[in-house]
Amino acid sequence: MSSDGFKRSVRANRHDRSPGDAPNLGRVARMPGTGMPKGKRRRRIRRGESGWRPNDDRQHLFLKWTLLFGGFAMLLLAGISWLWLSPKISAKGDRVELDPVEDDTKVRVIARFPSPSEQDAMAMVKRALAVRDPAAVGSLYRTGSASPEEIVRFLENLESVDGKISGYEWLSSMDANQLSIEGVQVNFENTSGLRNRVALLTPDVKGKWKIDFDSFARTAIPPWKEILQKGAESAVVRVYVGKDSYFNGPFHDDKQWICLGMVSPDTDELLFGYCNSDAAQAAAIDWILSKGGVKFFRATLELRRVEGAEPRQFEISRVLAQDWILSEVAFDEGFD
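Residues numbered from 1 in each chain as written. Predicted model: local features only at pLDDT ≥ 70, side-chain atom pairs only at ≥ 80, totals over all residues. Heavy atoms only, no water.

Draft legend 1. Structural view of the nonpolar core. Ranked by size, the top nonpolar core spans 28 residues in total, and within it V237, I285 and L301 carry the most contacts. For this core, the elements supplying multiple residues, two or more each, are helix 7 (224-229), strand 6 (234-244), strand 7 (257-263), strand 8 (271-276), helix 8 (280-290), strand 9 (296-304) and strand 10 (313-321). The leading source of residues in this core is helix 8, at seven residues. Here V237 is in contact with A220, W224, I227, A299, T300, L301 and L303, once residues within four sequence places are set aside. Counting 26 residues, the second largest nonpolar core, distinct from the first, contains V184, W209, I211 and F216. (Core = buried A, V, L, I, M, F, W, Y, C linked by side-chain atoms within 4.5 Å. Buried < 20%, exposed > 50% of the residue type's maximum accessible area, 1.4 Å probe, protein only. Helix = DSSP H or I, 4+ residues; strand = E, 2+ residues; numbered from the N terminus. Contact = heavy atoms within 4.5 Å.)

Draft legend 2. Region of interest: the environment of I151. Following the sequence through the fold, I151 ends up in helix 5 (residues 148-162). Taking C-alpha positions, I151 is 9.0 Å from Y141, a pair spaced ten residues apart along the chain. With residues up to four places along the chain from it excluded, the contact list for I151 reads V137, Y141, T143, A146 and F213.

Draft legend 3. Main features of the sheet that holds strand 7. Pairing is mixed around the closed barrel formed by five strands, whose spatial order is 6-7-8-10-9. On average, each strand axis in the sheet is tilted by 55 degrees relative to the strand beside it, whichever way the strands run. By the bridge criterion, six bridges tie strand 7 to strand 8 in an arrangement that is antiparallel. Residue I258 lies in a different strand from strand 8, and its bridge partner there is C275. Where helix 8 meets the sheet, its contacts fall on strand 6, strand 7, strand 8, strand 9 and strand 10, and the angle it forms with strand 10 comes to roughly 70 degrees. (Pairing = 2+ DSSP bridges. Axes fitted to C-alpha atoms, helices over the stretch in contact; angles between N-to-C directions.)

Draft legend 4. Expanded view of the pattern of salt bridges. Counted according to the given criterion, the structure contains eleven salt bridges. Among the salt bridges present, the one from D266 reaches R218, with a minimum N-O distance of 3.0 Å. Of this pair, D266 sits in the loop between strand 7 and strand 8 while R218 sits in the loop between helix 6 (213-217) and helix 7; the two residues are 48 residues apart in sequence, bridging distant segments of the chain. (Salt bridge = Lys/Arg side-chain N within 4 Å of Asp/Glu carboxyl O.)

Draft legend 5. Region of interest: the sheet that holds strand 3 (residues 182-190). What the five strands build is an open sheet, ordered 1-5-4-3-2; its pairing is mixed. Strand pairing shows two members of the sheet lacking a second neighbour, strand 1 (141-142) and strand 2 (164-173), which therefore form its edges. Looking at chain direction, strand 1 and strand 5 (residues 209-212) are connected through two bridges and run parallel. From the neighbouring strand, R142 faces strand 5, where its bridge partner is D212. Running over the sheet, helix 4 (residues 118-129) touches strand 1, strand 2, strand 3, strand 4 (193-203) and strand 5 and is turned about 140 degrees from strand 2.

Draft legend 6. Region of the structure containing the confidence of the model for the chain. Mean pLDDT over the chain stands at 79; residues scoring 70 or higher make up 67%. Here helix 3 (residues 102-105) is the element of the chain with the lowest mean pLDDT, 37, and helix 6 is the one with the highest, 98. Segment residues 25-42: pLDDT under 50, and four contacts once partners within four positions in sequence are set aside and those in other chains are kept. Per-residue pLDDT stays below 50 along residues 44-52; that stretch engages in four contacts with residues further than four places along the chain or on separate chains. (pLDDT = per-residue confidence, 0-100.)

Draft legend 7. Broad picture of unusual backbone geometry. For the bond from I221 to P222, the omega torsion is -5 degrees, close enough to zero to count as cis. Of note, P222 is situated in the loop between helix 6 and helix 7. If you check the backbone angles, N177 has positive phi at about 55 degrees while not being a glycine. By the secondary structure assignment, N177 is in the loop between strand 2 and strand 3. The class for N177 is buried, based on a relative accessible area of 4%. Even without being glycine, R218 reaches a positive phi, approximately 55 degrees.

Have a look at this one:
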């Protein structure tokens, strides 16, 4: 090997340069911003360094979320306020519209005495229907228009009229007409089909619960035969009532009268009752029909005949009770 080759292999790696050449600094790390046009260089600012502020996009996003949560909170507060105020507003509206009967018919009667249980109510009805001694009638019945002897005769003939008792159904609270009322339906079965009666129990002044006989017997004064066949001028009847539209004779003007269909399980006749649209009786009927969306209901009515009317047409002169049990005050008095 020549000395020149050896020298080449161990020579320090250097570059000869001529006078005026730029010095060779070797490999140099690139500095931030290298190669960017002048005037457009930007220094990246990292979180945690002093002087950092959110950019415009973050400000807009923060504002949007703030408005969103604020709006949601306002809606939630409005909803809670409406739920709290709505029942009060509704109750206030009912009081304004129904002031004449607010305390008596809009809410359940405040019970002065504890109500019988389902078992006690049914047991009471069974004992009452088995009574055959007039002396025992007073302890189990609110006698109304009937004497103890008449009640016993009615009970003795009950099977021949309605059939054998096939069962009992508890109807629970049926308060009306300022009275606390518990109901039990008594079902009968005979050769012509099924029948039923409603036993309405109410407490006396001493708190003893008794069956109202007139409502159980569906008492009509005078009896239906005299009303329909002999043309009684006036009557008190217990009927099912619902809106109808039969306008004829003296009741032809549907602006002056409201028409009601009336039926009783004790007659096959469909009757028509009419109330003057401006009378307290019409207001009482409309109020009853407006409660709970009912289409028909039980009522105790006073009827009278009008000259020129058909035999089945009557004017409703009084609405005595919302159901078939009478209280000391007629139901329509609250609508005068």
